[in-house]
Amino acid sequence: MEDIEDLVADGAGGVAPGFRLPLAAVGINSSRKKNAARRTSSLHEPDIPKIPGTQTIYIKTFGCSHNQSDSEYMAGQLSAFGYALSENPEVADLWLINTCTVKSPSQSAMDTLIARCKKAKKPLVVAGCVPQGSRDLKELEGVSIIGVQQIDRVVEVVEETLKGHEVRLLTRKTLPALDLPKVRKNKFVEILPINVGCLGACTYCKTKHARGHLGSYTVESLVGRVRSVVSDGVREIWLSSEDTGAYGRDIGVNLPTLLNAIVTELPADGSTMLRIGMTNPPFILEHLKEIAAVLSHPCVYSFLHVPVQSGSDNVLLAMNREYTASDFRTVVDTLIELVPGMQIATDIICGFPGETDEDFAQTVALIKDYKFSQVHISQFYPRPGTPAARMKKISSNIVKQRSRELTTVFESFTPYIGMEGRIERIWITEFASDQVHLVGHTKGYIQVLVIGPESMLGSSAIVKITSAGRWSVFGEVIETLSERDPVKCSSKSKSPEDICSPCSEQTESCACSVEPAPCACQAECCGAKPTSKEEQVNTLLNILPEKAEANSFNEQSLRKRKQVSHLQNGAEPILNFESTCGVVGGTSPVDRALVGGIVLSLFTIIMLFFYIGFRKSESN
């Protein structure tokens, strides 16, 4: 079957979303034209609208944040054209599945969903890494597919698929534009792809087959996108790619150049934060100090995802990872030393072909040495077409046993114990899965669960950490910050040498990232008397006399949400809010004021009756 790109007239690739190409421009499998006609008659029942742009689309996304961004761009274009989007596949007229090829379970889930769609006789478009890297899969027979760099033409593919045509759009040309319409899964979070593909050649990786060689967006286009989404009210910008550290090597720039250009566009009030995406060790090693300076910036999360995959040099060599365990330790040690409160996440693959007990022991030792708060542990999955798939595999029982052992070691860590009582600034962007708490993140991207009204979503707040769990901490909101609150968020990143020593210890919380007032460590650098953490807390509490009233309002606004949540879980309705909302004595100041107002009103009415009766008796 010919690719649609071979049939589209010159210049058609630049057609803007919302404008349809003529039917002749769409490739249809000639050997299946009769089958397509039969599918058309069976798929398009009389009650399905025939006018393009009036149907309902269901979009399902598998995989990484880059995939999520692609889905948001496709959803934006479909919505702009007029299609309705639904999270209910049963009511949709067409399903769009955006796939991931990293692990076998993700592809198996895709296969199950495709089979379900075919059984329901729904038109189907499969996008993402799986069709791009394995276009001849049996599961993809008879469905339309669209490649990872052709998402800007999703409207054409959906329209023709709804007509009963099978379309394949895979040929790469140029990167999709960054200013396409977008429907974000979370309106406060912009996932911004800075490049596609990578420079590596890992023996186990299938993504390279799909995403290809490195292709970077220009600094100007990325800065323009940042400027645009900030004006839209986005509160977090996630830089995403297969390897952010490799950014720009194909166009003559580097990651620090991009990051320094982006932070100049972030609001000076600290209302929008930047999160740097996953980077492999080889490409960050030569820029460690520059990256540390950016991570120390008040408007950049002090968090980085650096996959190690194994603590054994022998295994890393077999993986063709192009670094050693010592290189990884250098990255981690340098960032922890130079960035206050630095948090690092990493990945481990258990049971890679040829991994010995000694190799695995070295991995366990590395994880124990650093006690990472986040470790993504996975078993080795041979991906078809990769060199590792041809290597001699380890027994699945051994792989599972090693995965369980490493998971037990990791779960024994208590990374957040000791944070109780600390005052932190957090950025709140979503509801927790219990639909009761709001989720915020500290400067180090530690998850903080707080109680507050829905209006706090998209805001920043000062909180006091009240307790620490294994995966997150709980906090009490002291103050919600407005966009006008001043924050030390200069246009230039601090160099590691400029960071004050009192804030350089990971066990302490730098006041620069906690409160809008000038940093206590800065005052000490200027010769002033150092301020203790207790004094900082007391100062915050003293300047917030309205705290009790604000908390009372939050408690009342949450009662309905908590009632609904408990009823949905089959629990009895909550009647006593003293324990759940922290109302002292059973009544809040606002409650007492309301009762007082009612009593005063009744007293006034009674006095009016007496007065009117007295005047009538005088007139008689």
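Residues numbered from 1 in each chain as written. Predicted model: local features only at pLDDT ≥ 70, side-chain atom pairs only at ≥ 80, totals over all residues. Heavy atoms only, no water.

**Section: the pattern of salt bridges**
Within the structure shown, the criterion is met by 16 salt bridges. Across the pair Glu72 and Lys182 runs a salt bridge, and its minimum N-O distance is 3.7 Å. You can see Glu72 sitting in helix α2 (residues 65-81) and its partner Lys182 sitting in the loop between β6 (168-169) and β7 (189-193), a full 110 residues away along the chain. Neither Glu72 nor Lys182 differs from the other in exposure class; each is buried. The structure contains a network of salt bridges with shared partners spanning Glu72, Lys182, Arg184, Glu190, Arg225 and Asp232. (Salt bridge = Lys/Arg side-chain N within 4 Å of Asp/Glu carboxyl O. Helix = DSSP H or I, 4+ residues; strand = E, 2+ residues; numbered from the N terminus. Buried < 20%, exposed > 50% of the residue type's maximum accessible area, 1.4 Å probe, protein only.)

**Quick word on a nonpolar patch on the surface**
A surface patch of nonpolar side chains, amounting to about 560 Å² of accessible area, comprises Leu600, Phe603, Ile606, Met607 and Phe610. Inspection of the secondary structure puts Phe610 in helix α19 (residues 589-619). (Patch = residues over 30% accessible without salt bridge, like charges linked within 9 Å, V, L, I, M, F, W, Y side chains within 5 Å. Areas by Shrake-Rupley, 256 points an atom, 1.4 Å probe, with all protein chains shown as cover.)

**Here's the deal with the packing of helix α12 (residues 325-338) against helix α13 (residues 357-370)**
For the pair α12 and α13, interaxial distance at closest approach is 12 Å and the crossing angle is 10 degrees. In terms of axis orientation, α12 runs roughly parallel to α13. On the side of α12, the interface is formed by Phe328, Arg329, Val332 and Asp333, while α13 contributes Leu366, Asp369 and Tyr370. A class-by-class count of the residues in the contact of α12 with α13 yields four nonpolar, no polar and three charged. (Axes fitted to C-alpha atoms, helices over the stretch in contact; angles between N-to-C directions. Parallel < 35°, antiparallel > 145°, perpendicular 65-115°, else oblique. Contact = heavy atoms within 4.5 Å. Nonpolar A, V, L, I, M, F, W, Y, C, P; charged D, E, K, R; others polar.)

**Considering the packing of aromatic side chains**
This model, assessed by the stated rule, comprises eleven aromatic pairs. Ring centres of Phe81 and Tyr83 lie 5.7 Å apart, and the angle between their planes is 25 degrees; this geometry places the pair in the stacked category. You can call Phe81 buried: its relative accessible area is 16%. In textbook terms, an aromatic cluster arises when at least three aromatic residues are bridged by ring pairs, as seen for Tyr301, Phe303, Trp427 and Tyr445. We note Arg470 situated over the ring of Trp471; from NZ or CZ to the ring centre the distance is 4.2 Å. (Phe/Tyr/Trp six-rings, centres within 6.5 Å; stacked < 30°, edge-to-face > 60°. Lys NZ or Arg CZ within 6 Å of the ring centre and 35° of its normal.)

**Brief notes about the packing of α13 against helix α14 (residues 396-411)**
Following both chains from N to C, one finds α13 and α14 inclined at 20 degrees, their axes separated by 10 Å at the closest point. Compared by their axis directions, α13 and α14 come out roughly parallel. In this structure, the crossing between α13 and α14 has a hand that is right-handed. On α14, the residues touching Asp357, Phe360, Thr363, Val364, Ile367 and Lys368 of α13 are Arg402, Glu405, Leu406 and Val409. For the contact of α13 with α14, a count of residues per class yields five nonpolar, one polar and four charged. (Left-handed = near helix turned anticlockwise from the far one by under 90°.)

**Looking at the pairing of strand β1 (residues 56-61)**
Moving residue by residue along a regular strand, the side chains alternate between the two faces of the sheet. Here β1 runs beside strand β2 (residues 84-86); their pairing, made up of three bridges, is parallel. Each bridged residue has a counterpart across the sheet, and for Thr56 the counterpart in β2 is Ala84. At this point the chain moves from β1, through α2, to the parallel β2, and the crossover so formed is right-handed. By the bridge criterion, five bridges tie β1 to strand β3 (residues 94-99) in an arrangement that is parallel. Within β3, the position partnered with Thr61 by the bridge is Asn98. (Pairing = 2+ DSSP bridges. Right-handed = clockwise from strand over helix to strand, strands pointing away.)

**Topic: helix α10 (residues 288-295)**
Counting buried positions over the eight residues of α10 gives six, a clear majority of the element. Among the residues of α10, those classed as buried are Leu288, Ile291, Ala292, Ala293, Val294 and Leu295.

**So, the sheet that holds strand β18 (residues 460-468)**
With respect to topology, five strands assemble into a closed barrel ordered β15-β16-β17-β19-β18, the strand pairing being mixed. Within the sheet, the average angular offset between the axes of one strand and its neighbour, ignoring direction, is 50 degrees. Summarising the sheet, strand β16 (residues 438-441) and strand β17 (residues 447-450) pair through four bridges and their orientation is antiparallel. The residue of β17 that forms the bridge with Gly440 is Val448.

**Comments concerning the nonpolar core**
Leu96, Val158, Ile237, Leu274, Leu335 and Phe372 are the most contacted members of the largest nonpolar core, which totals 83 residues. Considering every element that reaches this core, the biggest residue donor is helix α7 (residues 219-231), with six residues. The residues that make up this core include at least three from each of domain 1 (56-169) and domain 2 (189-412). Residues in contact with Val158, not counting those within four places in the same chain, are Ile57, Leu78, Tyr83, Leu94 and Val125. Counting 17 residues, the second largest nonpolar core, distinct from the first, contains Ile97, Leu113, Leu124 and Leu140. (Core = buried A, V, L, I, M, F, W, Y, C linked by side-chain atoms within 4.5 Å. Domains from an automatic or database assignment.)

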